[in-house]
Amino acid sequence: MGSGGLELPPGDEGHQGNSKDAPPGTVSLARPMETHSIGPELDWDAEAWHEVRTRAQRAGRAYIWLNLVEQRLRAVVAAVLRPIYEPVHGDDWVVAAAGPAGQEWVQRAVAVREVSRRKGYLLDPADDNVLSFLTLPQLRELMVQHWPCFEPYVDDRRDVELALDELEVSRNVVSRNRALSEAVLAQAERASARLLDILGAGSDVPSARRLPVDAVEDLVGDRYADVVAVHADRVRLLRQFPAEDIFGGARRIDAFGIGLNLLVQNFSGRRLVRLAEMGCRVRLLFLNPASSAVKRRERELGIKRGELSRAVEMNILHMRRVRARLRDPGAFEIQVYDETPRSTAYLVDGDGSDGIAVVQSYLRRSRGMEAPVLVLRSGNKVVRPGERDDPGEVGLFATYREEFEVAWADSRPVS
């Protein structure tokens, strides 16, 4: 019974608003609309989620680079200008350094600092200063205004300004949470690395000569057990990391696998001779082309009988010719093994903290050129001069280095 004394009909089919069977005096209630037809569709499909994650990943990488640059530039500005202005102006030295030309933006930074103080946003006392609230363009303005003070420490002002110009696009995109293209991200990473190098904070990791240290690797590289890059196949590896960059300038090369095509077919014999004459020691471990393991591998790959064994034999002969041209053949060792091949690995300078390794696992139906590639850096963290690895922590690099030594000990030399 309704509040007005009228009977409410039940919701079954026989008591609809237009039913002839409804008793007199009843009020008809319309059925509610289906909920799925109300309002916009709020769910994201898989494609939308993929796009969002891609944006977040790119913005995250750019943010790390921008954060490093801003902190480094802030430290440089403080180191150069504070001794000049602080003795006279005390804590207001940044305001004094900005001068009349920077009065507006420096006062804005002062105001933001006061608001952060009141709301408890200053979590670290070291950030309770005006300099910490200046943006990258404002830090740049301080450097430009006082360039004679920075000139003794920085070679070329134009290089600094060009790098900061290149960063401005990505800085605006990241600060406003807009889409960052892969090309702009790559430009930002190059500009940041160049600027950090100009400002005296370039990577001092020994292996950075061969494989530059990425900002993300520098921060979280120890989470990935020495892995610094993953490529879908060897073609993509060589596009990003050519054989000359891998092996050029090496003082030691240890490699094991089936035919070692990455080295033999992509790095010239003449370059190997030159490396060996400069003191590089080379140990190459091939699968014995006459072993039953080669025949099994040929069946796995579905290739003609004898095709793989001939290819391996040709690579061994080529390396023997290289060895024959050396004054010290003992520095260039070639051996073969008869066991089932499980992986191939190229360890460059693997006896030190600056080693790089290229590793592939053998797949049943994929040739080495088609198998995924891992690039490893020696040590499970970025090792800098004067630092030592924790001997209790073992990464993938040490695992493959040990695998090589065990296989080498069980192999026999090629005359």
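Residues numbered from 1 in each chain as written. Predicted model: local features only at pLDDT ≥ 70, side-chain atom pairs only at ≥ 80, totals over all residues. Heavy atoms only, no water.

Enquirer: An account of the packing of aromatic side chains is needed here, citing residue identities and associated values.
Expert: On inspection of all chains with the given rule, the structure shows five aromatic pairs. Look at Phe256 and Phe404: their rings are 5.9 Å apart centre to centre, the planes differ by 40°, and that puts the pair in the tilted class. With a gap of 148 residues between them, Phe256 in strand E2 (residues 252–256) and Phe404 in helix H15 (residues 396–409) connect regions that are remote in the sequence. Taking relative accessible area as the criterion, Phe256 reaches 5% and is therefore assigned buried. The exposure class assigned to Phe404 is buried, which follows from its relative accessible area of 0%. Here a set of aromatic residues connected by ring pairs shows up, and it is made of Phe247, Phe267 and Tyr346. (Phe/Tyr/Trp six-rings, centres within 6.5 Å; stacked < 30°, edge-to-face > 60°. Helix = DSSP H or I, 4+ residues; strand = E, 2+ residues; numbered from the N terminus. Buried < 20%, exposed > 50% of the residue type's maximum accessible area, 1.4 Å probe, protein only.)

Enquirer: Account for the environment of Tyr346, naming residues and giving values.
Expert: The topology assignment puts Tyr346 in strand E5 (residues 343–348). Apart from the residues within four sequence positions on either side, Tyr346 is in contact with Phe247, Asp254, Ala255, Leu260, Asn261, Leu262, Leu263, Ile356, Ala357 and Val358. Here the side chain of Tyr346 touches Leu262 through a polar contact of 3.3 Å, landing on its backbone nitrogen. (Contact = heavy atoms within 4.5 Å. Polar contact = N/O pair within 3.5 Å; in protein donor to acceptor, adjacent residues only side chain to side chain.)

Enquirer: Describe the pairing of strand E4 (residues 332–337), listing the residues and the values that go with them.
Expert: Counting buried positions along E4 gives five out of six residues, so the element sits mostly inside the fold. Sheet topology places strand E3 (residues 281–287) next to E4; six bridges connect them, and they run parallel. Within E4, the position partnered with Phe286 by the bridge is Val336. Where E4 and strand E8 (residues 412–413) come together, two bridges link them in antiparallel fashion. Counted as the bridge partner of Val336 is Arg412 from E8. (Pairing = 2+ DSSP bridges.)

Enquirer: Account for the sheet that holds E5, naming residues and giving values.
Expert: Judged by pairing direction, the sheet is mixed, and its eight strands sit side by side in the order E1-E7-E6-E5-E2-E3-E4-E8 without closing on themselves. Bordering the open sheet on either side are strand E1 (227–231) and E8, each of which pairs with just one other strand. Here strand E6 (residues 356–361) pairs with strand E7 (residues 373–377) via five bridges, running antiparallel. Within E7, the residue paired with Gln360 across the bridge is Val373. Lying on the sheet, helix H14 (residues 307–324) is in contact with E3 and E4; it crosses E4 at an angle near 160°. Docked against the sheet, H15 engages E1, E2, E3, E4, E5, E6 and E7, running at close to 75° with respect to E3. (Axes fitted to C-alpha atoms, helices over the stretch in contact; angles between N-to-C directions.)

Enquirer: I'd like a rundown of unusual backbone geometry, residues and numbers included.
Expert: The backbone phi angle of Asn177 is positive, close to 55°, even though this residue is not glycine. Looking at where Asn177 falls in the secondary structure, it is placed in the loop between helix H6 (157–175) and helix H7 (182–198). For Asn177, a relative accessible area of 64% corresponds to the exposed category. Positive phi, normally seen in glycine, also occurs at Leu260, with a value near 55°. The exposure class assigned to Leu260 is buried, which follows from its relative accessible area of 2%.

Enquirer: A description of the pattern of salt bridges should follow, citing residues and the corresponding values.
Expert: This model, assessed by the stated rule, comprises 25 salt bridges. Between Asp128 and Arg117 there is a salt bridge, and its shortest N-O distance comes to 2.9 Å. Taken as a pair, Asp128 in the loop between helix H3 (103–119) and helix H4 (136–145) and Arg117 in helix H3 lie far apart in primary sequence, eleven residues in all. A salt bridge links Asp351 to Arg251; the shortest N-O distance between them is 3.3 Å. Taken together, the positions of Asp351 in the loop between E5 and E6 and Arg251 in the loop between helix H10 (243–247) and E2 put the pair 100 residues apart, joining distant regions of the chain. In this structure, a network of salt bridges that share partners links the residues Arg113, Glu114, Arg117 and Asp128. (Salt bridge = Lys/Arg side-chain N within 4 Å of Asp/Glu carboxyl O.)

Enquirer: With reference to specific residues and values, describe a positive patch on the surface.
Expert: A contiguous patch of positive charge on the surface is contributed by Lys295, Arg296, Arg299 and Arg305. Along the chain, Arg305 turns up in the loop between helix H13 (292–301) and H14. (Patch = residues over 30% accessible without salt bridge, like charges linked within 9 Å, V, L, I, M, F, W, Y side chains within 5 Å. Areas by Shrake-Rupley, 256 points an atom, 1.4 Å probe, with all protein chains shown as cover. Lys, Arg positive; Asp, Glu negative; His and termini not counted. Charge placed at Lys NZ, Arg CZ, Asp CG, Glu CD.)

Enquirer: Go over a nonpolar patch on the surface, please, and point to the residues and values.
Expert: Residues Trp44, Trp49 and Val52 make up a contiguous nonpolar surface patch of roughly 300 Å² in combined accessible area. In this fold, Trp49 is placed in helix H1 (residues 46–89).

Enquirer: Run through the confidence of the model for the chain, naming residues and quoting values.
Expert: The share of residues in the chain with pLDDT of 70 or more is 81%, and the mean pLDDT across the chain is 84. Mean pLDDT values for the elements of the chain range from 66 in helix H8 (residues 215–220) up to 96 in E2. (pLDDT = per-residue confidence, 0-100.)

Enquirer: Residue-level account of the nonpolar core, with values.
Expert: Grouped together as the largest cluster of nonpolar side chains are 58 residues, with contacts concentrated most on Phe247, Leu284, Phe286, Met319 and Phe332. Excluding residues within four positions of it along the chain, Met319 makes contact with Val264, Leu272, Leu284, Phe286, Phe332 and Ile334. Core analysis: the next-biggest nonpolar cluster, separate from the first, contains 42 residues, Val69, Val80, Val95 and Leu131 among them. (Core = buried A, V, L, I, M, F, W, Y, C linked by side-chain atoms within 4.5 Å.)

Enquirer: Requested: an account of the side chain of Arg297, with residues and values cited.
Expert: Within the fold, Arg297 resides in helix H13. Overall, the relative accessible area of 5% leaves Arg297 in the buried class. Ignoring sequence-local partners within four residues, the contact set of Arg297 consists of Ile258, Leu308, Tyr362, Leu363, Arg364, Ser366 and Arg367.

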